[in-house]
Amino acid sequence: MAISQDKTNTYKGLKTGVLIINLGTPDSPETPDVRKYLREFLMDGRVLDIPFLSRWILVNLIIAPFRAPKSAKIYKELWEERGSPLKFYGEDVEKMLQNSLGEDYEVKLAMRYQSPSMDSALEEFKNAGYQKIIVVPFFPQYASASTGSVYEKTMDIVKKWQVIPEIKFINNYYNHPKFIEHFAAAARKYMAEHNFDYFLFSYHGLPERQMTKGDCTGKTCQFGSCCDTIHSMNQYCYRAQCFETTRLLVRELGLKEGTYSTSFQSRLGRDPWIKPYTDVVIEELAAQGKKSVLAFSPAFVADCLETTIEVGVEYKELFESKGGKHWQLVESLNNSPIWVELLEDLVRKA
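Keep in mind the model is a prediction, meaning the values are calculated, not measured. (Residues numbered from 1 in each chain as written. Predicted model: local features only at pLDDT ≥ 70, side-chain atom pairs only at ≥ 80, totals over all residues. Heavy atoms only, no water.)

Describing the overall build of the protein chain
Stage number 1. Within the protein chain one finds 11 helices and 10 strands.
Stage number 2. By the compact-globule yardstick of 20 Å for 350 residues, the protein chain fits well, its C-alpha radius of gyration being 21 Å.
Stage number 3. Looking at the protein chain residue by residue over its 350 residues, the buried ones come to 51%.
Stage number 4. Counting only contacts in the protein chain whose residues sit at least 6 apart along the sequence, the fraction spanning at least 24 positions is 74%.
Stage number 5. Carbon and sulfur atoms make up 51% of the accessible area of the protein chain, which totals about 16700 Å².
Stage number 6. With 43 positive and 45 negative side-chain charges, the protein chain shows a spacing of 3 Å between the two charge centroids. (Helix = DSSP H or I, 4+ residues; strand = E, 2+ residues; numbered from the N terminus. Rg over C-alpha atoms; globule rule 2.2 N^0.38 Å. Buried < 20%, exposed > 50% of the residue type's maximum accessible area, 1.4 Å probe, protein only. Contact = heavy atoms within 4.5 Å. Areas by Shrake-Rupley, 256 points an atom, 1.4 Å probe, with all protein chains shown as cover. Lys, Arg positive; Asp, Glu negative; His and termini not counted. Charge placed at Lys NZ, Arg CZ, Asp CG, Glu CD.)

The structure is reproduced here in structure tokens:
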């Protein structure tokens, strides 16, 4: 390939590799594959941040053996003809983003855990001699257990290369206008069909200790009003970013004070996780006489176990068992054109 140099001193004909990365999914909903996925996921020291030996015993002798069969049954509810939604939506976006970016870019989908692997995608970029690599984690809000883990894995891989190209990491996009636009537009569709009593913004939970570890000041994180605004001292706080996403969506939808709240789901173990807990909030809403709730899961860009099953089915059943009448989940970005537009904007700016 001929390479020419233009007046701006940039080389024509050199590509940029774009690695889009989601969390991961089992290769199938069968118990052995689910067990394999759980082991890889939970053995990540950023996900389960306890000493290695304790983590190994907990994951390999307790969680993986006993939780895998139960999780496999739930994955079978989620699985579609094309497989896991988290994966096939990612494959759709990979093709759509490639088409939008054009031939100067090479887009590859990878999963932090399982397949397609980050190792194989980055190896392809290395062998192709790309001048730059842009890493885009599929996590709107930054967390050490998600975005931070992707960064660490990327650096573990490329540190072995003799030549390391320029690498750009996308940190977050919890406040990107197109991110807010998608959820607001999807919500308006349901709001036009039904009069909701309440709006619940449920984000994936994390242990409080991970928030404390990320507090560089040692005194900013108080798990309360410290998340009321985003500023220099909490700009990388997952909880603060979640509350900011809620505020932006509330403003965009024109919701009245007292008709919405932010909560956190999917807690594991006995240690305190960031509050309020979604299941507790749901019971409180039902006790207050709320009959109709529109639920959001803005920590996810693709519908998955935590959205479709946990929020869409399990929380619906909980709400109805306590007296609620109508529960509706707002779908995630999945393979929507606006999601691809958001990604294109992030890549080109990088």
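Observations concerning helix α11 (residues 337-349)
Stage number 1. For α11, built from 13 residues, the straight-helix expectation of 18 Å at 1.5 Å per residue is met to within 8% by its first-to-last C-alpha distance of 18 Å.
Stage number 2. The complete set of buried residues in α11 reads I338, W339, V340, L342, L343, L346 and V347.
Stage number 3. Looking at the buried positions of α11, the neighbouring elements they touch are β3 (16-24), α3 (85-101), β4 (105-113), β5 (132-137) and α6 (177-191). (Expected span 1.5 Å × (residues − 1).)

Quick notes on the nonpolar core
Stage number 1. With 76 residues, the main nonpolar core has V18, I20, Y238, F296 and W339 as its most contacted residues.
Stage number 2. Apart from residues no more than four positions distant in its own chain, Y238 is found in contact with Q141, Y142, A143, Y203, H204, L206, M211, F264, I274 and A299.
Stage number 3. Formed by 15 residues, the second largest nonpolar core is a distinct cluster that contains L19, A110, F125 and W161. (Core = buried A, V, L, I, M, F, W, Y, C linked by side-chain atoms within 4.5 Å.)

Observations concerning the packing of α6 against helix α8 (residues 238-253)
Stage number 1. Where α6 contacts α8, the axes come no closer than 10 Å and their chain directions differ by 50 degrees. Between α6 and α8, the angle is such that the two are oblique. In this structure, α6 crosses over α8, and the sense of that crossing is right-handed. In this structure, α6 contributes F179, I180, F183, A184, A187, R188 and M191 to the contact, and α8 contributes T245, L248, L249, E252 and L253.
Stage number 2. Within the contact of α6 with α8, the residues separate by chemical class into nine nonpolar, one polar and two charged. (Axes fitted to C-alpha atoms, helices over the stretch in contact; angles between N-to-C directions. Parallel < 35°, antiparallel > 145°, perpendicular 65-115°, else oblique. Left-handed = near helix turned anticlockwise from the far one by under 90°. Nonpolar A, V, L, I, M, F, W, Y, C, P; charged D, E, K, R; others polar.)

Observations concerning the sheet that holds β5
Stage number 1. Read across the sheet, four strands follow the order β4-β3-β5-β6 without closing on themselves; strand pairing throughout is parallel. The sheet is open, and its two edges are formed by β4 and β6 (166-169), each paired on a single side. Going across the sheet, the axis of each strand differs from the next one's by a mean of 20 degrees, ignoring polarity.
Stage number 2. Where β5 meets β6, four bridges bridge the pair, whose relative direction is parallel. Looking at the pairing, K132 lines up with E166 of β6.
Stage number 3. On the sheet, helix α1 (residues 31-42) packs against β3 and β4 and is oriented at approximately 95 degrees with respect to β4.
Stage number 4. Set on the sheet, α11 makes contact with β3, β4 and β5; between it and β5 the angle comes to about 140 degrees. (Pairing = 2+ DSSP bridges.)

Some thoughts on the side chain of K132
Stage number 1. Along the polypeptide, K132 turns up in strand β5.
Stage number 2. Although K132 lies buried, it forms no salt bridge, and the closest oppositely charged side chain, E166, sits 4.1 Å away as judged by the N-O distance.
Stage number 3. For K132, the residues in contact, after removing those within four places along its chain, are K15, T16, G17, P165, E166, K168 and A350. (Salt bridge = Lys/Arg side-chain N within 4 Å of Asp/Glu carboxyl O.)

A short note on the pairing of β5
Stage number 1. Burial analysis of β5 places six of its six residues in the buried class, which makes it a mostly covered element.
Stage number 2. Side-chain alternation along β5 places K132, I134 and V136 on one buried face and I133, V135 and P137 on a second face that is also buried.
Stage number 3. Bridge count between β3 and β5: six bridges; the pairing is parallel. Considered in β5, the bridge of I20 is made with V136.
Stage number 4. Where the polypeptide runs from β5 across helix α5 (residues 144-158) and back to β6, its parallel neighbour, the crossover connection is right-handed. (Right-handed = clockwise from strand over helix to strand, strands pointing away.)

Topic: the sheet that holds strand β7 (residues 198-204)
Stage number 1. Strand order in the open sheet made by the four strands is β8-β7-β9-β10, with parallel pairing throughout. A single partner strand is all that each edge strand has here, and the edge strands are β8 (260-265) and β10 (326-329). Direction aside, the axes of adjacent strands within the sheet are offset by 25 degrees on average.
Stage number 2. Looking at chain direction, β7 and β8 are connected through six bridges and run parallel. Paired with H204 across the bridge in β8 is Q265.
Stage number 3. Set on the sheet, helix α10 (residues 305-321) makes contact with β7, β8, β9 (292-296) and β10; between it and β10 the angle comes to about 170 degrees.

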